[in-house]
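So you can see what is in the structure, the chains are spelled out below.
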Amino acid sequence: MSAHRLTQHVVSDEASLRALIGEPAEIIRAKVARRLNHLTRQFIERSPFLCLSTSAVDGSCDVSPRGDPAGFVRILDDRTLLVPERPGNRIADSLRNIVANPHVGLLFVIPGVVDTFRVNGRATLTNDAALLAPCAVEGKIPKLGVIIDIDEAYTQCSKAFLRSQLWEPARFIERALLPTSGEIQCELAGGDFDGKKHDEERAARYARREGFY
């Protein structure tokens, strides 16, 4: 990469990058493990939310949220996880990427905790009913799950959460200050869309927990 359309000043190789940021401390390198232990597994057991990153063969990337009651990601053994796949919008960006390229990254988040937990590994889609049965919520077994073979597992430092004050109630904002899904759809459609009806129907479906499981 020689330049960006907005600037000539770009960093295009690791040597230049390291000259700017330096090398990680040895203790940081040492925290990266190839499996879970009795301490690190607690971050997964207590997490109700994660971000799943995937990429297609052409290098295009996607990050998708996953959430359920705390501990929804099953620890099959100290090197293997199972993430249940719940009903979504059926675009299936993450799933299509995994079929083409198994390499994934996961970031586990626990409400109120500024440390997060990272897992990098290789994903396999499964529809094994016996394997997925313990993932049932509200009596519904997921049709699909994502098996993760762990390559790297480690805690992420808390600086990002501390800088952002993410869990500070005083920093929370009202949802009404942001545009609704229907308003955004209306904008994309050039005004030819009933955004109010869309928002009302979606709110009703969510109140019924329709399509959650």
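First things first, this report covers the structure right here in the doc.

1. With respect to the nonpolar core
Stage number 1. Ranked by size, the top nonpolar core spans 21 residues in total, and within it Leu81, Leu106, Phe108, Val119 and Ile148 carry the most contacts.
Stage number 2. For this core, the secondary structure elements donating two or more residues are strand 1 (49-55), strand 4 (80-85), helix 4 (93-100), strand 5 (103-109), strand 6 (116-126) and strand 7 (144-156).
Stage number 3. Considering every element that reaches this core, the biggest residue donor is strand 7, with four residues.
Stage number 4. Leave out the neighbours within four places in its chain, and isoleucine 148 touches Arg79, Thr80, Leu81, Val83, Val104, Leu106, Val119, Gly121, Arg122 and Ala123.

2. What to know about helix 8 (residues 195-207)
Stage number 1. The terminal C-alpha atoms of helix 8 lie 18 Å apart, and with 13 residues this matches the ideal 18 Å at 1.5 Å per residue to within 8%.
Stage number 2. The first or second residue beyond helix 8 is arginine 209, which carries a positive phi of 60°.

3. Thoughts on the pattern of salt bridges
Stage number 1. Counted by the stated rule, this structure contains 13 salt bridges.
Stage number 2. Its salt-bridge partner being aspartate 78, residue arginine 35 comes within 3.2 Å of it at the nearest N-O pair. Of this pair, arginine 35 sits in the loop between helix 2 (26-30) and helix 3 (41-45) while aspartate 78 sits in the loop between strand 3 (74-77) and strand 4, placing them 43 residues apart in sequence.
Stage number 3. Since its relative accessible area comes to 42%, arginine 35 is described here as partly exposed.
Stage number 4. With a shortest N-O distance of 2.5 Å, lysine 196 and glutamate 200 are connected by a salt bridge. Of the two residues, lysine 196 and glutamate 200 are both situated in helix 8; the distance of four residues between them amounts to about one turn of the helix.
Stage number 5. Owing to a relative accessible area of 60%, lysine 196 belongs among the exposed residues under this scheme.
Stage number 6. Overall, glutamate 200 belongs to the partly exposed group, its relative accessible area being 46%.
Stage number 7. One connected set of salt bridges, linked through shared partners, spans Glu14, Arg18, Glu23 and Arg29.

Thresholds applied
Residues numbered from 1 in each chain as written. Predicted model: local features only at pLDDT ≥ 70, side-chain atom pairs only at ≥ 80, totals over all residues. Heavy atoms only, no water. Core = buried A, V, L, I, M, F, W, Y, C linked by side-chain atoms within 4.5 Å. Buried < 20%, exposed > 50% of the residue type's maximum accessible area, 1.4 Å probe, protein only. Helix = DSSP H or I, 4+ residues; strand = E, 2+ residues; numbered from the N terminus. Contact = heavy atoms within 4.5 Å. Expected span 1.5 Å × (residues − 1). Salt bridge = Lys/Arg side-chain N within 4 Å of Asp/Glu carboxyl O.

Treat this as a map of the structure, not an account of what it does.
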